[in-house]
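Descriptive structure summary
Listed here are the chains, written in short residue letters.
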Amino acid sequence: MALQVELIPTGEIIRVVHPHRPCKLALGSDGVRVTMESALTARDRVGVQDFVLLENFTSEAAFIENLRRRFRENLIYTYIGPVLVSVNPYRDLQIYTRQHMERYRGVSFYEVPPHLFAVADTVYRALRTERRDQAVMISGESGAGKTEATKRLLQFYAETCPAPERGGAVRDRLLQSNPVLEAFGNAKTLRNDNSSRFGKYMDVQFDFKGAPVGGHILSYLLEKSRVVHQNHGERNFHIFYQLLEGGEEETLRRLGLERNPQSYLYLVKGQCAKVSSINDKNDWKVVRKALTVINFTEDEVEDLLSIVASVLHLGNLHFAADEESNAQVTSENQFKYLTRLLGVDGSTFREALTHRKIIAKGEELLSPLNLEQAAYARDALAKAVYSRTFTWLVGKINRSLASKDAQSPSWRSTTVLGLLDIYGFEVFQHNSFEQFCINYCNEKLQQLFIELTLKSEQEEYEAEGIAWEPVQYFNNKIICDLVEEKFKGIISILDEECLRPGEATDLTFLEKLEDTIKHHPHFLTHKLADQRTRKSLGRGEFRLLHYAGEVTYSVTGFLDKNNDLLFRNLKETMCSSENPIMSQCFDRSELSDKKRPETVATQFKMSLLQLVEILQSKEPAYIRCIKPNDAKQPGRFDEVLIRHQVKYLGLMENLRVRRAGFAYRRKYEAFLQRYKSLCPETWPTWAGRPQDGVAVLVRHLGYKPEEYKMGRTKIFIRFPKTLFATEDALEVRRQSLATKIQASWRGFHWRQKFLRVKRSAICIQSWWRGTLGRRKAAKRKWAAQTIRRLIRGFILRHAPRCPENAFFLDHVRTSFLLNLRRQLPRNVLDTSWPIPPPALREASELLRELCMKNMVWKYCRSISPEWKQQLHQKAVASEIFKGKKDNYPQSVPRLFISTRLGADEISPKVLQALGTEPIQVRHRGWRHRRPRQLLLTPNAVVIVEDAKVKQRIDYTNLTGISVSSLSDSLFVLHVQREDNKQKGDVVLQSDSYSRRLFSADRVNNININQGSITYAGGPGRDGIIDFTPGSELLITKAKNGHLAVVAPRLNSR
Ligand SMILES: Nc1ncnc2c1ncn2[C@@H]1O[C@H](COP(=O)(O)OP(=O)(O)OP(=O)(O)O)[C@@H](O)[C@H]1O
Ligand SMILES: [Mg+2]
């Protein structure tokens, strides 16, 4: 399977994981993290991830080329050492997801590709582990992405930091303060559709567990002139448009506003109320929700919106000149709304708008204003109202962000992380007082940046015991001094001009400048310039040579803006406002304060000094934002614009400082860990100190003494090429190592598997053997015990039942019973039965009986009626003949033949005779022996001869039958002697007489005679038959007149 890797926009190389085949190596859900140093191998493709590794580090072209190559690949972040350079991509790169946050959490700064979150995490970890306050300074020109970066940082902290034990809402408030501040302090400019028109420094407080517990915002110099005037293509602050677009009908009605921004003069100056990239309606919803989150009550929102509306009404307030050219308010409707919304007295307000109160020699004088002055006063009021409301808003947000635990002892252990999102260096066609202040601010920050960078660099060298080599860089202190120096600085001169009595104008200020600082190398005016340069300078302009380039400022408005004049009576009116926000914004103490308020420039200077102090007290981190083009287009890299920013952001300077000594530095442990495979002595493990290991390693690698230095904890490599050569060697080494590791791993893996299987087999075998052995032993033991018990039982078998013989006796019984089951008699005639043990004799007998009964019952059940008849007859025959007649046993197996004849089987003549008259039988003596048929009818015995009925004996007359006990076949039917119709007894010979007669069941008297039978041969003539046993049947007439019958003796007898 091929290893698929992908370069994602952050410059990270990730392993593509098959959706259906989870990759076990993946650290995050989507891939394997490849360290930044590993990514150095891809440097040809995406430039260098750290400018410090640029071979030609003094070349601006090489610097920009590296930026371009990376930008083309959507790699917007690059380091200069610890400084992050970010290029605005103007498109959503999907690099700020939760996954990215996780990827950058808790990893070393250099182990991951450059990213904003890497800086955020490093700063946070330093804050937690070293417990030192941190400051992230984000700088860059308008539209470079400072505010975006600040928001992403806040989002990172809000999502990845642990939640505080109490006051979890702080996180939401920190996040939600942004949309509110942006609505009131941001506006669309030509450079940025969401340009911050104020400087912002935000402190986030973390408790000792690293949870955000509070925050504080400092704002700097809101560009309030925007309230009354916007350049073409620009807008006023977002909040005005948001309110008009998104505000509910009812709200607008109450505020006296129309939904159309075109109706308001303060909103139409730039002629672009609608911007495609801005959705005011949606933004309004976000702001309204955010206001609730940051603790605004409904009343406060109402008051705030009243002020916003009043600014719009002020813009529409018109004046007309009366006969004396004094201004009079003409827009009564607007005026009416204004008094209501601002909560001021109508007449006082009217007077304040059209008059100026002057206090001269303790006396108050009212001087009417002309049209121009009235308009000026109105605009000044609008600006003052708006800017003070903005300041109040920041205060209000701060109150909601303030930690509730500020008094608790744990509060002292909180640490602070500052985020500075301040306006970048600005150069316009026409630069005024605001640009002067902004650029001065940037000079200060640049100075701080250089100082701190150099300082940290120097500190590191000192800490590592490496000789500090002076770095050549431009120190802009000279420009800062030019602006801020006491008495001689531009701000001092401006203040002086503002305060001095007499006719001071912008031009007199310029002259004063020319007089005072004409020799300064960074200052130039039309008058001071040489012939050639003079052409590029107007008479009312001065030029400063900032560290970032030349900027020409027009002095027009400098005095005015610096003075920030608001007429006293307007202030008084506002101080008496019933709008709670206004009354807080305009404090009465201001009126009684005899001291002149500080000028705007001085205030700004002071606040900057304060800011520098704050920043100096913290550990700094830098994010330098670059804007790639003016068209706000993704993918466009405008080289001229970028070169300009690289210059004024001092990035080359920064790089030079960083590279002044060494291009690359790394802790010994990390360096050794990475490159130890390149030296046989350090591979695979180095037992000694890492520093010694590194020394051995670099010697083996052939580093020349000028190429590197060994510090206390780090190695410093002077040239990138040395590092790259080492990296290339590592790459080659890795290939062979990978093969070796794979081979050993496979061997190890399979051997482990084999050993596991072997162990398992042995285990199973021994277990099974054990089981078998145990089973056998148990069986033997059981057998021995059984035998012993049997023998013992056998010995004591005759003794009464006791434990010793119980088993034996039971065994004998059960085995008898079990055997009995197999040895039961098969049929009723089978008399066999096993011999029972003495104890079971009775039971055996009962069982035998039961068995027999059962067999008999079964046998009986299976007998057919015919068979039953047979048996019945057999039983009768048995009763009669058994043991008495010799040939009885021979007759037993022969079945009785059915004696019933059908009518067709009997001669019709016989039938006729039977049906009509009685038959007479005549005894004819034994000599006339003839075959006859003996018929048994229901009522009589009939003897038939040749279809003639010879004799009929009614059963009632049949007195008995006599037979001998021998095996002859003679029998005598005895007839009643009284019956005269009869001829006497009948002697018959038939093998089956008994069956014939007895089956008819008509004879109750059968005699079995021994020796002889006497019969009646007719009236008065009795005969005797003598029976003797002999060898064969012989019937003869004996001499004594008896019938002598010799009957064969049968064996069975
Ligand atoms: N990292 C980024 N990813 C995507 N888009 C960005 C990024 N940074 C900036 N942008 C785009 O650029 C615009 C301008 O950025 P931003 O408002 O942060 O500039 P800024 O430096 O604060 O400017 P200003 O000084 O005027 O306030 C943003 O509205 C956004 O559209
Ligand atoms: Mg901004």
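All of the points below concern the structure found in this document.

About the cut-offs
- Each chain carries its own residue numbering, running from 1 in the written order of its sequence.
- Here every chain gets a letter starting at A, and every ligand a number starting at 1, in the order they are written.
- In keeping with the model being predicted, local features are shown solely for residues with a pLDDT of at least 70 and side-chain atom pairs are shown and tallied solely at 80 or more, while totals for entire chains, interfaces and linings include all residues.
- Think of the side-chain values as coming from all heavy atoms in the structure, minus any hydrogens and water.
- Ring geometry is summarised as follows: Phe, Tyr and Trp rings, the Trp one being its six-membered ring, pair when their centres sit within 6.5 Å, and such pairs are stacked at plane angles under 30 degrees, edge-to-face over 60 and tilted between the two.
- Where helices and strands are cited, they refer to DSSP runs of H or I of at least four residues and of E of at least two residues respectively, numbered from the N terminus.
- Think of it in three bands: residues with accessible area under 20% of the maximum for their type are buried, residues over 50% are exposed, and the middle band is partly exposed, with areas taken using a 1.4 Å probe on protein chains only.
- Pairs of strands are assigned from DSSP output, requiring at least two bridges between the strands.
- Lines fitted to C-alpha atoms define the axes, with helix axes restricted to the stretch in contact, and inter-axis angles between N-to-C directions lie between 0 and 180 degrees.
- Working rule for contacts: check all heavy atoms of both residues, and any pair within 4.5 Å makes them a contact.
- If a single non-hydrogen atom of a residue is within 4 Å of a molecule or strand, that residue counts as near it.
- Think of a polar contact as two N or O atoms within 3.5 Å of one another; within protein, one of them needs to be a possible hydrogen donor and the other a possible acceptor, and neighboring residues in sequence only count if both atoms come from side chains.
- Areas reported here follow the Shrake-Rupley algorithm with a probe of radius 1.4 Å; residue values treat only the protein chains shown as occluding.
- What makes a nonpolar core is a set of buried Ala, Val, Leu, Ile, Met, Phe, Trp, Tyr and Cys residues whose side-chain atoms join them at distances within 4.5 Å.
- By definition, a salt bridge exists where a carboxyl oxygen of Asp or Glu is found within 4 Å of a side-chain nitrogen of Lys or Arg.
- For patch building, the residue pool is restricted to those with more than 30% relative accessible area and no salt bridge; the joining distance is 9 Å between like charges and 5 Å between nonpolar side chains (Val, Leu, Ile, Met, Phe, Trp, Tyr).

Concerning the packing of aromatic side chains
Inspection of the entire model under this criterion finds 30 aromatic pairs. Geometrically, the ring pair formed by Phe-433 and Phe-558 is edge-to-face, given 5.5 Å between the ring centres and 85° between the ring planes. With Phe-433 in helix H17 (residues 433-464) and Phe-558 in helix H22 (residues 558-563), this residue pair connects regions lying 125 residues apart in the sequence. Side by side, Phe-433 and Phe-558 carry an identical accessibility label, which is buried. Ring geometry for Phe-449 versus Tyr-622: centroids 4.3 Å apart, planes at 80°, classification edge-to-face. With Phe-449 in helix H17 and Tyr-622 in strand E18 (residues 619-626), this residue pair connects regions lying 173 residues apart in the sequence.

Here's the deal with the sheet that holds strand E29 (residues 1012-1016)
Spatially, four strands are ordered E29-E30-E32-E31 in an open sheet, and the strand pairing comes out mixed. Two strands bound the open sheet, and with one partner strand each, they are E29 and strand E31 (1034-1037). Neighbouring strand axes in the sheet, compared pairwise and without regard to direction, differ in orientation by 20° on average. Relative to strand E32 (residues 1043-1048), E31 runs antiparallel, the two sharing four bridges. Within E32, the position partnered with Thr-1036 by the bridge is Ala-1044.

Regarding the environment of Ile-1013
Position of Ile-1013 relative to the elements: it lies in strand E29. Ile-1013 has contacts with Ser-962, Val-963, Ser-964, Val-972, His-974, Gly-1023, Ile-1024, Ile-1025 and Phe-1027, leaving out every residue within four places of it along the chain.

Overview of the site of ligand 1
Every one of the 17 residues lining ligand 1 counts as a neighbour, but Ser-142, Lys-146, Thr-147, Ser-195 and Ser-196 are closest to it. Contacts to ligand 1 include Asn-194, whose backbone N or O atom sits 3.5 Å from an oxygen atom. Here ligand 1 loses 86% of its free accessible area of 630 Å² to cover by the protein chains. Looking at the shell around ligand 1, the element that brings in the most residues is helix H6 (residues 146-160), giving three residues.

Things to note about the nonpolar core
Membership of the largest hydrophobic core comes to 115 residues, with the highest contact counts inside it found for Tyr-157, Phe-184, Phe-240 and Phe-349. Of the residues forming this core, the biggest block, 14 residues, is contributed by helix H16 (residues 371-401). What Phe-349 contacts, discounting residues up to four positions off in sequence, is Leu-314, Phe-335, Leu-338, Thr-339, Leu-342, Val-344, Leu-381, Leu-570 and Thr-573.

Let's talk about helix H27 (residues 639-648)
Looking only at H27, the buried set comprises Leu-641, Ile-642, Gln-645, Val-646 and Tyr-648. Tucked inside the fold, the buried residues of H27 contact helix H3 (60-72), strand E5 (134-140), E18 and helix H28 (651-661). N-cap assignment for H27: the residue whose side-chain oxygen lies 3.2 Å from the backbone N of Val-640 is Asp-638. Gly-650 sits one or two positions beyond H27 and adopts a positive phi of about 70°.

Quick notes on the pattern of salt bridges
Per the stated rule, a full pass over the model turns up 47 salt bridges. A salt bridge links Arg-68 to Glu-65, with the shortest nitrogen-to-oxygen separation between them at 3.2 Å. Taken together, the positions of Arg-68 and Glu-65, both in helix H3 and three residues apart, correspond to about one turn of that helix. Residue Glu-65 is classed as partly exposed on the basis of its relative accessible area, which comes to 31%. Note that Glu-332 and Arg-350 form a salt bridge whose closest N and O atoms lie 2.8 Å from each other. One end of the pair, Glu-332, is in helix H14 (residues 332-342); the other, Arg-350, is in helix H15 (residues 346-354), and 18 residues separate them in sequence. A relative accessible area of 40% places Glu-332 in the partly exposed class.

Considerations on a nonpolar patch on the surface
Taken together, the side chains of Ile-787, Ile-791, Phe-794 and Ile-795 present a nonpolar region at the surface, about 400 Å² in accessible area. Secondary-structure assignment places Ile-787 in helix H31 (residues 720-795). The class for Ile-787 is partly exposed, based on a relative accessible area of 48%.

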